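# A closer look at the structure
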Amino acid sequence: MLKISTIFFCLSIILAGVGTSYAVDDTMQTTVIKSFEPIIEKITKFFSRHPKLLTKVSSPENPKQEAFSITHFQMERISYDILTSNSIITPYTGHIDIDTQVADNKPCGNQGFTKTEKEGWSNIDDAIRNANTASCFVIRTPQVGIVRHRFIFQYHIKTGRWALSEIVYQDGSINGRFMALLGVPSPWFPLMNELQALSYNKDWIQLFKSL
C-alpha cells in the first residue's frame, strides 16, 4: 500500500510536467505569432498602394489565343488568423485575407474569346500603354462584389519559418492570376515569361518570392 506522502510526491511531478508543457506551448505560440507578423506587414504595405498587375489570359479551348490587360486592386480590408493542425512537421497554418475591389482595362482592348466580351489586347505593349488610361478601366465590384484573396501559409517546425503554400479565392478555388506569378499555370492563366511582363510585374514577383 502506497503511503500518502508518496502519492503526493507523484502528483507533484505530474502537475509540474503539465505546467512545463503549457509553458512550452505558450512560448511556441508566441514565437509563431511573432514570426508571422512581418509577413502580414509586408503584404499589407504592398496592397495599401493599390497596385496594378499585368495579366495574361488564354482560352482553354484555344490556348494559343491570348489577351493582355491591366488589373487594378484597391484594398478594402485585411485580416488574418493562425490555426493549429494535426501535422507534426507543419503544426500551424496561417492565412492572410486581402479584400479588394477589382478593376481592369479590358473594354478598350481588341481581343475577346467570345463575340460579346473583350479580354484585353492581343499585343502586350498595347495593354501596358493603356495602363493609366482611366477611361478604359471598369470597376467589377457591382458584378462580382468585393474579392477576397487568401494567402495560405504553413509553419515548418524544422526550419522555424513560414512558407507560402497557395493563394485561393473566398470559395476555395485557386487564384490563377496570382499563382501564375509563382510559376503555377492554370487553363485561364498561363505563365508570363515575356520580358515586358517580368519588368512591369517585378514588384509583385519580388513580393511573392519573399513570402
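See the structure above.
In what follows, the accompanying structure is described. (Residues numbered from 1 in each chain as written. Predicted model: local features only at pLDDT ≥ 70, side-chain atom pairs only at ≥ 80, totals over all residues. Heavy atoms only, no water.)

### With respect to unusual backbone geometry
- A positive phi angle, close to 50°, is found at H50, a residue other than glycine.
- Relative to the elements of secondary structure, H50 occurs in the loop between α1 (4-47) and β1 (52-58).
- Since its relative accessible area comes to 36%, H50 is described here as partly exposed. (Helix = DSSP H or I, 4+ residues; strand = E, 2+ residues; numbered from the N terminus. Buried < 20%, exposed > 50% of the residue type's maximum accessible area, 1.4 Å probe, protein only.)

### As for the pattern of salt bridges
- Within the structure shown, the criterion is met by nine salt bridges.
- Two residues, K56 and E194, come together in a salt bridge whose shortest N-O distance is 2.8 Å. Within this pair, whereas K56 is found in strand β1, its partner E194 is found in the loop between α4 (176-179) and α5 (195-200), the two being separated by 138 residues in sequence.
- In this structure, the salt-bridge partner of R140 is D104, at a minimum N-O distance of 2.8 Å. Taken as a pair, R140 in the loop between β4 (138-139) and α3 (141-144) and D104 in strand β3 (residues 92-104) lie far apart in primary sequence, 36 residues in all. Accessibility assignment for this pair places R140 and D104 in one class, buried.
- Each of R77, D97, D99, R148 and R150 takes part in one network of salt bridges that share partners. (Salt bridge = Lys/Arg side-chain N within 4 Å of Asp/Glu carboxyl O.)

### Side note on the environment of Q196
- Here Q196 is to be found in helix α5.
- The class for Q196 is partly exposed, based on a relative accessible area of 29%.
- Distance in space between the C-alpha atoms of Q196 and I128 is 8.6 Å, their sequence separation being 68 residues.
- Among residues more than four places away in sequence, those in contact with Q196 are L54, I124, D125 and I128. (Contact = heavy atoms within 4.5 Å.)

### Re the packing of aromatic side chains
- Inspection of every chain in the model, using the stated rule, returns 18 aromatic pairs.
- Ring geometry for F113 against W188: centres 5.7 Å apart, planes inclined by 40°, an arrangement best described as tilted. Of this pair, F113 sits in the loop between β3 and α2 (124-129) while W188 sits in the loop between α4 and α5, placing them 75 residues apart in sequence.
- With relative accessibility at 39%, the residue W188 sits in the partly exposed group.
- Both rings, one in Y155 and one in W162, keep their centres 5.3 Å apart while their planes meet at 65°; by these two values the pair is edge-to-face. With respect to burial, Y155 and W162 carry one shared label: buried.
- Aromatic rings pair up to connect F46, F47, F73, F151, F178, W204 and F208 into one cluster. (Phe/Tyr/Trp six-rings, centres within 6.5 Å; stacked < 30°, edge-to-face > 60°.)

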